[in-house]
Amino acid sequence: MEVVREIPLARAAVARARQAGRQIGLVPTMGALHRAHESLIAAACKRGLFSVVSIFVNPTQFVPGEDYEAYPRDEAADLEVCRAAGVELVFIPPVADMYASDAVTRVHVSSLTATLCGAHRPGHFDGVTTVCTKLFNILQPDVAFFGEKDAQQLAVIRRMVRDLDLPLEIVGCATIREPDGLALSSRNRYLSAEQRQQAVALNRALQAGAVRVRSGKSNADSVVAAMKGVLAAAGAERIDYVEVVDPDSLQPVSRIDGPVLLALAVHIGPARLIDNLTARPDAAAAAGRETPA
Ligand code: PAF
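The notes below deal with the structure included here.

Rules used throughout
Residues numbered from 1 in each chain as written. Predicted model: local features only at pLDDT ≥ 70, side-chain atom pairs only at ≥ 80, totals over all residues. Heavy atoms only, no water. Helix = DSSP H or I, 4+ residues; strand = E, 2+ residues; numbered from the N terminus. Buried < 20%, exposed > 50% of the residue type's maximum accessible area, 1.4 Å probe, protein only. Contact = heavy atoms within 4.5 Å. Areas by Shrake-Rupley, 256 points an atom, 1.4 Å probe, with all protein chains shown as cover. Lys, Arg positive; Asp, Glu negative; His and termini not counted. Charge placed at Lys NZ, Arg CZ, Asp CG, Glu CD. Near = heavy atom within 4 Å. Polar contact = N/O pair within 3.5 Å; in protein donor to acceptor, adjacent residues only side chain to side chain. Nonpolar A, V, L, I, M, F, W, Y, C, P; charged D, E, K, R; others polar. Salt bridge = Lys/Arg side-chain N within 4 Å of Asp/Glu carboxyl O. Core = buried A, V, L, I, M, F, W, Y, C linked by side-chain atoms within 4.5 Å. Pairing = 2+ DSSP bridges. Axes fitted to C-alpha atoms, helices over the stretch in contact; angles between N-to-C directions. Expected span 1.5 Å × (residues − 1). Phe/Tyr/Trp six-rings, centres within 6.5 Å; stacked < 30°, edge-to-face > 60°. Lys NZ or Arg CZ within 6 Å of the ring centre and 35° of its normal.

### Thoughts on the overall build of the protein
- Across its full length, the protein carries 10 helices and 9 strands.
- When the backbone C-alpha atoms are referred to their principal axes, the protein occupies close to 60 × 40 × 40 Å.
- In the protein, which comprises 293 residues, the share counted as buried stands at 52%.
- Within the protein, residue pairs in contact and separated by at least 24 positions form 73% of the contacts whose partners lie at least 6 positions apart.
- Accessible area of the protein: about 13,300 Å², with a carbon and sulfur share of 51%.
- In the protein, which carries 31 positive and 33 negative side-chain charges, the distance between the mean positions of the two groups comes to 3 Å.

Take a look at the structure:
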């Protein structure tokens, strides 16, 4: 496994792999690697791609007051994860190399970034799309892998790639969960034992919402109320959002008559956690045997 920090060396390593007939698979990360990252790497390896992991805690996607400084950084542990997972190239650029002090260019995806996390973290997605564009340009991947836990990020990246004709495929990989349903996240390490217990409420709330959607509840407000009820019962008070949105446009829906994305962001202690689930009315409900809200 090669570890490079300079952009020209990363370009050269990727070019060598390409000359050797390999296609490039990129897993962009901010480090603090866990099993969900391993599943993205495994997806790249399974396709026989030259597997590249970038580790870069991207300052431009943190909103003022967020946890940029505190974000977990453990390069030695991350490299061990990469080595064990069979990664072939790790790219760890310094901030100053990624962002020249006089850089004035940002990549902005509108509309899709106006709701959910975009509404609560202004500028966050500009940071994500800008750094991903830079990583795509530097590492020239044929395929890049992103987790479905960050559903809005995945939708935004897909749209950016489509709109800008970027020559790569974006693959979304299923959310990896703890046995009790908590979605894996680097920020879970901020949680105390008690907060960790409380955090299970995120997935429980989504499940409660999904049960109602499947059974044909068509009023999105009532589904949101049920999800908020689960969070309140768990004592989760700082809720950024609990929403029912269209899975493609990410715009809120009021009447549920097809697949919807249930999405939430909740502060548990020092951690802001997000999760989501796609749900659709089951066949009987879709055939018109709708239950009242
Ligand atoms: O999902 C993440 O870890 C980050 O948002 C990403 C895609 C690596 C960009 O910094």
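### Quick word on the site of the ligand
- Taken together, Pro28, Thr29, Met30, Asn58, Gln61, Val131, Phe146 and Gln153 form the complete shell of residues around the ligand.
- The side chain of Gln61 places a nitrogen or oxygen atom 2.5 Å from an oxygen atom of the ligand.
- Side-chain polar atom of Gln153 to an oxygen atom of the ligand: 2.7 Å apart, as the coordinates give it.
- Here the ligand has 290 Å² of accessible area as a free molecule, and 88% of this is covered by the chains.
- Across the shell around the ligand, the residue classes tally to 4 nonpolar, 4 polar and no charged.

### A look at the pattern of salt bridges
- Applying the stated criterion across every chain yields a total of 14 salt bridges.
- The salt bridge involving Glu80 is made with Arg83; its shortest N-O contact spans 3.2 Å. Note that Glu80 and Arg83 are positioned in helix H3 (residues 75-85) at a spacing of 3 residues, about one turn of the helix.
- Looking at Glu80, the relative accessible area reads 45%, which means it is partly exposed.

### Section: the side chain of Thr133
- Structurally, Thr133 is set in helix H6 (residues 124-139).
- Residues contacting Thr133, with those up to four places away along its chain left out, are Val107 and Met160.

### Section: the nonpolar core
- With 47 residues, the main nonpolar core has Phe136, Leu139, Ile157 and Ile170 as its most contacted residues.
- Ranked by residues supplied to this core, first place goes to H6 with 8 residues.
- When sequence neighbours within four positions are dropped, the list of residues in contact with Ile170 reads Phe136, Ala144, Phe146, Leu154, Ile157, Arg158 and Val161.
- Formed by 32 residues, the second largest nonpolar core is a distinct cluster that contains Ala205, Val213, Val242 and Leu264.

### Notes on the sheet that holds strand S7 (residues 238-245)
- Strand order in the open sheet formed by 3 strands is S7-S8-S9, with antiparallel pairing between adjacent strands. Of all strands in the sheet, those with a lone pairing partner are S7 and strand S9 (271-279), marking the two edges. The average undirected angle you get between the axes of adjacent strands in this sheet is 10 degrees.
- Relative to S9, strand S8 (residues 260-268) runs antiparallel, the two being bridged by 9 bridges. Bridge pairing in S9 places Leu261 opposite Thr278.

### Notes on helix H8 (residues 193-214)
- The end-to-end C-alpha separation of H8 is 33 Å, in line with the 32 Å expected for 22 residues at 1.5 Å each.
- What H8 keeps buried is the set Ala199, Val200, Ala201, Leu202, Asn203, Ala205, Leu206, Ala208, Gly209, Ala210 and Val213.
- As for H8, its buried residues are in contact with helix H9 (220-233), S8 and S9.
- Gly216 lies just past H8 and shows a positive phi near 100 degrees.

### Some details on the packing of aromatic side chains
- Under the counting rule described, the total for this entry stands at 3 aromatic pairs.
- Summarising the aromatic geometry, the rings of Phe56 and Tyr99 are spaced 6.2 Å apart at their centres and angled 40 degrees between planes, so their arrangement reads as tilted. Residue Phe56 is found in the loop between strand S3 (50-55) and H3, and its partner Tyr99 is found in the loop between helix H4 (95-98) and helix H5 (116-120); the two are separated by 43 residues along the sequence.
- Between Phe62 and Tyr71, the ring centres sit 5.8 Å apart and the planes meet at 75 degrees, which makes this aromatic pair edge-to-face. Each member of the pair, Phe62 as well as Tyr71, is classed as buried.
- Seen from the ring of Tyr68, Arg73 lies directly overhead, with NZ or CZ sitting 4.9 Å from the centre.
- It is Lys134 that lies over the ring of Tyr99; its NZ or CZ is 5.8 Å from the centre.

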